[in-house]
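Residues per chain are reported as follows:
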Amino acid sequence: MPSPDEAIYISVGIHPWRLTSENYPVQLQWVEAMLQHDKRVIALGEAGLDKCCDTPYDLQEEAFRSMISFSEQYRLPLIIHAVRTYNELIALKKEIRPSQPWIIHGFRGKKELARSLVNQGFYLSFGEHYHADALREMPEGSFLLETDESLVPIESLYSRAAEIRGISPESLAHAVSRTVNSLFFNR
């Protein structure tokens, strides 16, 4: 496999916003086909639970459980979309006891929630918008930075996060790079 600097990698999943009972079987087949045939896939997701979207919650949970199963079967990290569902995610994690990492995408919660999730084995990914106290509290190796759909350059996110954490952007980049490598490439 090429080094992370030499290739483009992807994640695949079933996002709750794009899920209907009609398209679920086709989406599930597509995800499994990608997992079996596309070597660029290094994670499952975004997948998850969202109490603020129109998709019926029971369908979201069924699809999310399928993504959890694929995550375990293919030994890939799970990138989670979570909106007002942290208690449900914690309960599912305790029930299933996954061996693969679970990463909360676009985390915007407060430091108490961040601390609780990390203590329960979740990783957190911070984008453009977040509570500075939550990022400041994160132990090294427990978080990532992301641009997602933001137009803010990743370098700007690193500069701001490094300032919040009281370290240089280079030190932060090295720390996050180690986390990325441990989650996605040294498996």
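The structure contained in this document is the topic of the report that follows. (Residues numbered from 1 in each chain as written. Predicted model: local features only at pLDDT ≥ 70, side-chain atom pairs only at ≥ 80, totals over all residues. Heavy atoms only, no water.)

1. Some details on the packing of helix H1 (residues 24–37) against helix H2 (residues 57–73)
Following both chains from N to C, one finds H1 and H2 inclined at 15°, their axes separated by 12 Å at the closest point. The angle between H1 and H2 places the two elements in the roughly parallel class. H1 and H2 meet at a crossing whose hand is right-handed. Residues Tyr24, Leu28, Val31, Glu32 and Leu35 of H1 pack against Leu59, Glu62, Ala63, Ser66, Met67, Phe70 and Gln73 of H2. Class assignment of the residues belonging to the contact of H1 with H2 gives a composition of eight nonpolar, two polar and two charged. (Axes fitted to C-alpha atoms, helices over the stretch in contact; angles between N-to-C directions. Helix = DSSP H or I, 4+ residues; strand = E, 2+ residues; numbered from the N terminus. Parallel < 35°, antiparallel > 145°, perpendicular 65-115°, else oblique. Left-handed = near helix turned anticlockwise from the far one by under 90°. Contact = heavy atoms within 4.5 Å. Nonpolar A, V, L, I, M, F, W, Y, C, P; charged D, E, K, R; others polar.)

2. Examining the environment of Glu62
Inspection of the secondary structure puts Glu62 in helix H2. Measuring from C-alpha to C-alpha, the distance between Glu62 and Gly127 comes to 27 Å, with 65 residues separating the pair along the chain.

3. A look at the environment of Asp50
Position of Asp50 relative to the elements: it lies in strand S2 (residues 41–50). Along the chain, Asp50 and Thr85 lie 35 residues apart, while their C-alpha atoms are 6.5 Å from each other. Setting aside anything within four residues of it in sequence, one finds Asp50 in contact with Pro16, Trp17, Gln60, His81, Val83 and Thr85. Within polar-contact distance, the side chain of Asp50 engages the backbone nitrogen of Cys53 at 3.3 Å. (Polar contact = N/O pair within 3.5 Å; in protein donor to acceptor, adjacent residues only side chain to side chain.)

4. Overview of the layout of surface pockets
Unoccupied space between atoms shows up once a probe the size of one water molecule is rolled over them. Of the pockets and cavities examined, the largest pocket occupies roughly 720 Å³. In terms of lining residues, the largest pocket is bounded by 27 residues, among which Ile42, Leu144, Leu145, Val180 and Phe184 are the most central. Those elements giving two or more residues to the lining of the largest pocket turn out to be strand S1 (10–12), S2, strand S6 (143–145), helix H6 (154–165) and helix H7 (169–185). Sorting elements by how many residues they give to the lining of the largest pocket places H7 first, with seven residues. Among the residues forming the lining of the largest pocket, the class breakdown is 17 nonpolar, six polar and four charged. Empty space within the second largest pocket amounts to approximately 520 Å³. Taken together, 20 residues form the lining of the second largest pocket, with His105, Gly106, Arg108, Glu146 and Asp148 sitting closest to its centre. Broken down by element, the lining of the second largest pocket gets its largest block of residues, three residues, from strand S3 (residues 78–83). Residues of the lining of the second largest pocket, tallied by class, amount to five nonpolar, eight polar and seven charged. (1 Å grid on protein atoms, 1.4 Å probe; cavity = no way out; pocket = protein on both sides within 12 Å on 5 of 7 lines; lining within 4 Å. Points joined across faces, edges and corners; volume = space filled by probe spheres on them.)

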